[in-house]
Amino acid sequence: MPVSPVVLNRKTHARLTWKALEDYSFAAGMTVVPLLVFEVPGAARCFPIIFANPRNAMPYALLGLGGRNIFVDAQGRWTAPCLPLMLSNYPFSLAEIHQQDGENAIEKRELAVAIVEDAPHFHQPDGVRLYDGKGKPTQLLRHVTTVMGNQYRHYAGSRKSLEELNLTGALRERTGGGERAVGGLRVADREAVMSLPDVTLGKWARDGVLEMLFAHWESMRHLGKLLDDPSCPKGKENGAGEEAPVQ
């Protein structure tokens, strides 16, 4: 993305307007995009799903191997049947605000809507306002807040299981062969996962993580499409396991 998101402010952004645009040129250089657990089965029909961040087990859609997102064309159009929520939400996102309660010495975390201010969606003459004349959120902004709040709750519901998955040691780097070999793909080892205690697998089945893993394994059949794309460098200089920023 062009710049880091900033928290939406009713004073600073009092007259800001928004319009939906079918322009995904902002994602042309994004080769990995984070997914929520419940997104993975659908995304796995289009993209390889990997675990790109070595610090956690957040699933990612792999969108390219050579510094280019092969699912954004020259006109900025999205060409895949599945659109990850992070890209669908753009230029909106959620930010965690950390506040210190001085009286009780307790850190409080609150969620706030953030925006990419220079996104073209905010610079259209016929856009819809985010705040009304009294500084209150319009129906549009209330809808955006509700949708992303629901997405965050889905994420929070599976966060503990994702942390457990990361600690099992079942996520390991895989290296592909061939003329256009790829290294650094962090994937889940099926045998290691299925040998985990039944109580763990049962919990993961209930919160969607086990379904995510089966979809992840099936999704690796799409890796060939990325390897065959002209943007994929030959040899191992195309390591795809670099950490991607989570917005």
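Structure shown above.
Residues numbered from 1 in each chain as written. Predicted model: local features only at pLDDT ≥ 70, side-chain atom pairs only at ≥ 80, totals over all residues. Heavy atoms only, no water.

Novice: So what exactly am I meant to see when it comes to the overall build of the chain here?
Specialist: Check the secondary structure of the chain and you find seven helices and ten strands. A burial count over the chain gives 46% of its 247 residues as buried. Within the chain, counting contacts between residues at least 6 apart in sequence, those at least 24 apart form 69% of the total. As presented, the chain carries roughly 13,100 Å² of accessible surface, and 50% of it is formed by carbon and sulfur atoms. (Helix = DSSP H or I, 4+ residues; strand = E, 2+ residues; numbered from the N terminus. Buried < 20%, exposed > 50% of the residue type's maximum accessible area, 1.4 Å probe, protein only. Contact = heavy atoms within 4.5 Å. Areas by Shrake-Rupley, 256 points an atom, 1.4 Å probe, with all protein chains shown as cover.)

Novice: I'm lost on the pattern of salt bridges in this one. Help?
Specialist: For side chains of opposite charge, pairing can occur when their charged atoms come near one another. The full count for this structure, using the stated rule, is six salt bridges. Notably, a salt bridge pairs aspartate 229 with arginine 68, separated by 3.0 Å at the nearest N-O pair. Pair noted here: aspartate 229 is in the segment after helix H7 (223–228) and arginine 68 is in the loop between strand S5 (60–62) and helix H2 (85–89), with a separation of 161 residues, a long-range link. In this structure arginine 68 comes out as partly exposed when scored by relative accessible area, which is 33%. Across the pair arginine 172 and aspartate 189 runs a salt bridge whose closest N-O atoms are separated by 3.4 Å. Here arginine 172 is found in strand S9 (residues 171–174), whereas its partner aspartate 189 is found in the loop between strand S10 (185–188) and helix H4 (190–194), with 17 residues between them in sequence. You can call arginine 172 partly exposed: its relative accessible area is 41%. (Salt bridge = Lys/Arg side-chain N within 4 Å of Asp/Glu carboxyl O.)

Novice: When you look at the environment of alanine 188 in this model, what are you seeing that I'm missing?
Specialist: Mapped onto the fold, alanine 188 is located in strand S10. The exposure class of alanine 188 is buried, given its relative accessible area of 6%. Residues alanine 188 and tryptophan 217, spaced 29 residues apart in sequence, show a C-alpha to C-alpha distance of 7.7 Å. Filtering out sequence-adjacent residues up to four positions away, alanine 188 remains in contact with Phe51, Ala170, Leu171, Val193, Leu213, His216 and Trp217.

Novice: Where do I start with helix H5 (residues 198–207) in this structure?
Specialist: Residues spaced three or four apart along an α-helix point in a common direction, a consequence of the helix completing one turn every 3.6 residues. For H5, the full list of buried residues reads Thr200, Leu201 and Trp204. Taken end-on, H5 shows its buried residues confined to a sector of 95°, consistent with a single buried face. Exposed residues on H5 whose side chains face more than 90 degrees from its buried face are Asp198, Val199 and Arg206. Residues of H5 that are buried in the fold lie against helix H3 (139–167), H4 and helix H6 (209–219). (Arc of directions from axis to C-beta.)

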